[in-house]
Amino acid sequence: MATILAVDDSNSMRQMVSFTLKQAGYEVMEAADGVEALELAKNNVFGLVISDVNMPRMDGITLIKQLRSMASYKFTPLLMLTTEAGPEKKREGKEAGATGWIVKPFNPDQLLATIKRVLA
Amino acid sequence: MGIDITQFHQIFFEESFEGLEAMESALLDLSRGSGNSELIHEIFRAAHSIKGGSGTFGFSAVSEFTHVMETLLDEMREGQREINESALNLLLESVDVVRGMLEAARDGGVLEADRVAATQSRLEAMLNGDDIVVQASSSMAGQQDIHKGWQIDFKPYPELMKTGNDPVLMFHELAEMGELKVVVDTSGIPSAAHFDPEECYLSWKLSLMGDVTEEQINEIFEWVDGDCDLTINPIAVEDSDQIAAAQVETGSHESCAVAQAERQPATDRQADEAAPNQGERRAVAESSIRVNITKIDELINMVGELVITQSMLGQVGSELENVDSSKLEKLRNGLVQLERNTRELQESVMRIRMFPISYSFNRFPRMVHDLSSQLGKKVELKISGEATELDKTVMEKISDPLVHLVRNALDHGIETPDARVAKGKPETGVVHLNAYHKGGNIIIEVSDDGGGLPADRILAKARQRALIADDEPLTREKTLDLIFEPGFTTAEELSDVSGRGVGMDVVRRNIRDLGGSIEVTSEQDKGSKFTVRLPLTLAILDGQLLSVGSETFIMPLISIVESLQLDCDLINTVAGQAEMYRLRDDYVPVVRLCKLFGIKPKSMSLQDGLLVVVEQDGMRIGLLVDELLGQQQVVIKSLETNFRRVEGLSGATILGDGTVALILDVGGLIAMSGRDPASGPPHKKEQAA
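Let me begin by describing the structure that accompanies this report. Every value quoted in this text rests on a predicted model; they were computed, and no experiment measured them.

### Things to note about the overall build of chain A
When helices and strands are counted, chain A shows five helices and five strands. Each helix (α) and strand (β) of chain A, taken in turn from the N terminus, gives the series β-α-β-α-β-α-β-α-β-α. Here the contacts in chain A between residues at least 6 apart in sequence split such that 58% fall between residues at least 24 apart.

Structure follows, in structure tokens:
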């Protein structure tokens, strides 16, 4: 099964996402911000990246832009975790190259259901 | 997949409280006028995380409240709103409210609903009354029109694949909702020469039969909105079968391979692989765990015993003779290693209880902020050495005295801005909290650059209260020490801030109870400095081993002033019995430990012994002992729990050779010497000065 990269500066969120995905049988790696995530992405192959938007050092939008520009992440699903359900944030995300978004708050079942849309 | 999210609550609370602290300190920095734009981002991020987490973990009230805060902060972050004092104060208040809500949620306590509502409405009012109800309402849309099925025409733009979306996976999802038939249209595929493998040339016609709302279908296609042409039309009950059948017939053969992919195998595989993972449930990494403190104390106790066993073995090992020398060598090497390991183990275990003093210092910025505005003073708080570690129990017990000292510094120390300017000092006063390690102690300093302690008023007050005789001359140092006497306050009138009946005597008593001491230095118009000295931990003690007869006693090193060979000429006997020793310009009562504890001494003659001068509360006594042995750290064992309270002793310990040694209590010895004329009256050192 695919390895998923979970990026969030909130430890509890990250653990919740990561735990939920592991329960479902995915391999999961974690990063606390965009810089860390980019570093991990360069040295690993992820089938899916789920990233928070508001983070110190490098935010989620920048991370997605950077990833999308890398050859190995050209087709990789990149999802944003966002509390803002407004259309601008979504457009901004899409323009950066995000595959989709998951609006917080969400529960573990919703998370799993949602990622099945982009991950075999 | 029933995952119990309450397992993340603990960590959510921990990080939220951390977030609130970060918000608080950043808000205080802002109110101090540092225009760093990163601060407001930091505050926003913290509020944002708490909002996200509280929503996810089911604390909707917190989420709702922080949403309002976040909106306000967002406007500040975007520069649409001025960051002024009243907004900052309201945000600080909001931090308190959120903290209260989280505490109530964590401990199952009572929520101050009124306060939450009041603060929330003030936040909302600040947002110009523009009610920010951007929630919900959308769920009502496609709710009613449930049809027999849906006809979906889906024509992705060529670059759809580059967004990371995959039509096949989306069809899998649709297939879970009902009976899905998929027909692919391959007419868009170009000739091989123009074919770009990264582009999508296919389009699909789907029919989905079942109890599905348009909303649900839209959700599946939500992320490709703008990357495709999509039409969704309801299928009437009668003609649904026909249409579906007709489309399948007209569709080309490739369709099945791509789109009718069964979803069943996928879910099976997931279920299979999920099962073995159940065992890993507990293995999820946690950066901190909560442990009951009694467990740690038991551990510390056991390690203490282990250290004793180790030193016993070490002693036996060093005394061994007439043994095969190579084996003896091995044994000794092993013992040396054991000693090293036990020492490290002991240090690590002790460290579990150690926390940086920042845990205690962190409350002060807020307190100083609130108090200074209440008092109409301008005060800057400097904190240094916050990483200095000390025992958790010591930290808990020192917090109140520190609060008292800081309050006093603000209330009595720092002058009003006008008074400061008149004295030619900067308008803003400085209160400095500092901590560092020195020897086996932690030193905490609370200093201010205020008016200093009024020595003359203290002296007058002390005379008025008959704490000292009218004509008694006092050094400045001694005078300042008077503020630690019970019932002493120089504040002209009791204010709301200090002078609530808890005086400096309580501060000193609390510090003494911890085995520490407090001193004050002060200079007129330059300020005052309180220096608190505390042991790092209550579990071990730096002791001086003393021998009296066949017994070994331990005296806390901190109490020892000096040790000296007795000169018989300097001993005076007062009132027939009490012996006083003339120590330079001072007289100290001599306490014979052998007499006090009924031990047969090695020699009755005074000059064979040593005088150990100890001090507490400014009172000194000289203890007559046979010999000074070594100094060592000892693990304190309570006498009360193992035996009963004994006057003059504060505890016991077990020495390397397995014998029990009693730890002397200086305060108790001084009290005993006062009652027992044979060992001399207690003696205030300043009286002899």
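### Let's talk about the overall build of chain B
Each helix and strand in chain B was counted, giving 23 helices and 22 strands. A separation of at least 24 residues holds for 71% of the contacts in chain B among residues at least 6 apart in sequence.

### Let's talk about the interface of chain B and chain A
Contacts between the two partners involve 37 residues from chain B and, on the opposite side, 37 residues from chain A. Put simply, the parts of the chain that give the side of chain B that touches chain A at least two residues each are α1 (9–31), α2 (37–56), α6 (167–177) and α10 (264–274) of chain B. Looking at the side of chain B that touches chain A element by element, the count peaks at eight residues for α2(B). Its residues assigned to classes, the side of chain B that touches chain A comprises 14 nonpolar, 14 polar and nine charged.

### Some thoughts on the pairing of strand β1 (residues 3–7) of chain A
Residue and element names in this part refer to chain A. Across the five residues of β1, four count as buried, placing the element largely inside the fold. Looking at chain direction, β1 and strand β2 (residues 27–31) are connected through five bridges and run parallel. Within the sheet, the bridge partner assigned to A6 lies in β2 and is E30. A crossover links β1 with its parallel partner β2, the connecting element being helix α1 (residues 11–23), and its sense is right-handed. Strand direction decides the pairing type here: β1 and strand β3 (residues 48–52), joined by four bridges, are parallel. Residue V7 lies in a different strand from β3, and its bridge partner there is S51.

### Side note on unusual backbone geometry
Across the junction of A:K104 and A:P105, the peptide omega takes the value -5 degrees, indicating a cis bond. Along the polypeptide, A:P105 turns up in the loop between β5 (100–103) and α5 (108–115). Positive phi is not limited to glycine here, since B:D525 has a value of about 65 degrees. Mapping B:D525 onto the fold places it in the loop between β10 (517–523) and β11 (527–535).

### Some points on helix α3 (residues 60–77) of chain B
Across its 18 residues, α3(B) extends 24 Å between first and last C-alpha, which sits within 8% of the 26 Å expected from 1.5 Å per residue. Where the residues of α3(B) are buried, they touch α2, α4 (85–107) and α5 (113–126) of chain B.

### Section: the nonpolar core
Generally speaking, soluble globular proteins have nonpolar side chains that are buried together. In terms of nonpolar packing, the biggest core is built from 68 residues, with A:I4, A:L5, A:L48, A:V49, A:I50 and B:I43 touching the most fellow members. Per-element accounting of this core gives the leading share, eight residues, to α4(B). Every residue in contact with A:V49, bar those within four places of it in the chain, is listed here: A:L5, A:V7, A:A41, A:L67, A:T76 and A:L78. Counting residues in hydrophobic clusters, the runner-up holds 38 residues, among them B:A435, B:I444, B:L480 and B:I518.

### Examining the sheet that holds strand β18 (residues 610–616) of chain B
Residue and element names in this part refer to chain B. Taken in spatial order, the six strands line up as β14-β18-β19-β17-β16-β15 in an open sheet, and their pairing is mixed. Pairing within the sheet leaves two strands with one partner each, and these edge strands are β14 (560–565) and β15 (571–574). Averaged over all pairs of adjacent strands, the angle between strand axes in this sheet comes to 35 degrees, irrespective of strand direction. As paired strands, β15 and strand β16 (residues 578–583) are joined by four bridges and run antiparallel to one another. What sits directly across from V574, in β16, is A578.

### A look at the sheet that holds strand β6 (residues 379–384) of chain B
All names here are of chain B. Strand order across the open sheet formed by five strands is β6-β8-β9-β11-β10, with mixed pairing between neighbours. Both edges of this open sheet fall to β6 and β10, since each of them pairs with a single strand only. Within this sheet the neighbouring strands show an average axis-to-axis angle of 15 degrees, counted without direction. As defined by bridge partners, strand β8 (residues 429–438) adjoins strand β9 (residues 441–448) across eight bridges and the pair is classed as antiparallel. What sits directly across from N434, in β9, is E445. In the packing of helix α15 (residues 392–413) onto the sheet, contacts are made with β6, β8, β9 and β11, and the angle to β9 comes to roughly 20 degrees.

### Comments concerning the environment of A:V17
Residue and element names in this part refer to chain A. Secondary-structure assignment places V17 in helix α1. C-alpha of V17 to C-alpha of E30: the two residues are 13 residues apart in sequence and 9.5 Å apart in space. Setting aside anything within four residues of it in sequence, one finds V17 in contact with A6, D8, I50 and L111.

### Quick notes on the packing of α1(B) against α4(B)
Residues and elements named next belong to chain B. As a packed pair, α1 and α4 sit with axes 10 Å apart at the nearest point and diverge in direction by 165 degrees. Viewed along their axes, α1 and α4 adopt a mutual orientation that is roughly antiparallel. Classified by chirality, the crossing of α4 by α1 is left-handed. Contacts between α1 and α4 pair F13, S16, F17, L20, M23, E24, L27, L30 and S31 from the former with E85, L88, L91, L92, V95, V98, R99, L102 and R106 from the latter. Looking at the contact of α1 with α4, its residues break down into twelve nonpolar, two polar and four charged.

### Describing the environment of B:K461
Mapping B:K461 onto the fold places it in helix α17 (residues 455–464). B:K461 sits 21 residues away from B:L482 along the chain, and the two C-alpha atoms are 9.6 Å apart.

What counts, and at which threshold
- Residues numbered from 1 in each chain as written.
- Chains lettered and ligands numbered in written order.
- Predicted model: local features only at pLDDT ≥ 70, side-chain atom pairs only at ≥ 80, totals over all residues.
- Helix = DSSP H or I, 4+ residues; strand = E, 2+ residues; numbered from the N terminus.
- Contact = placed C-beta atoms within 7 Å.
- Nonpolar A, V, L, I, M, F, W, Y, C, P; charged D, E, K, R; others polar.
- Buried ≥ 20, exposed ≤ 12 C-beta atoms within 10 Å, placed from the backbone.
- Pairing = 2+ DSSP bridges.
- Right-handed = clockwise from strand over helix to strand, strands pointing away.
- Expected span 1.5 Å × (residues − 1).
- Core = buried A, V, L, I, M, F, W, Y, C linked by C-beta atoms within 7 Å.
- Axes fitted to C-alpha atoms, helices over the stretch in contact; angles between N-to-C directions.
- Parallel < 35°, antiparallel > 145°, perpendicular 65-115°, else oblique.
- Left-handed = near helix turned anticlockwise from the far one by under 90°.

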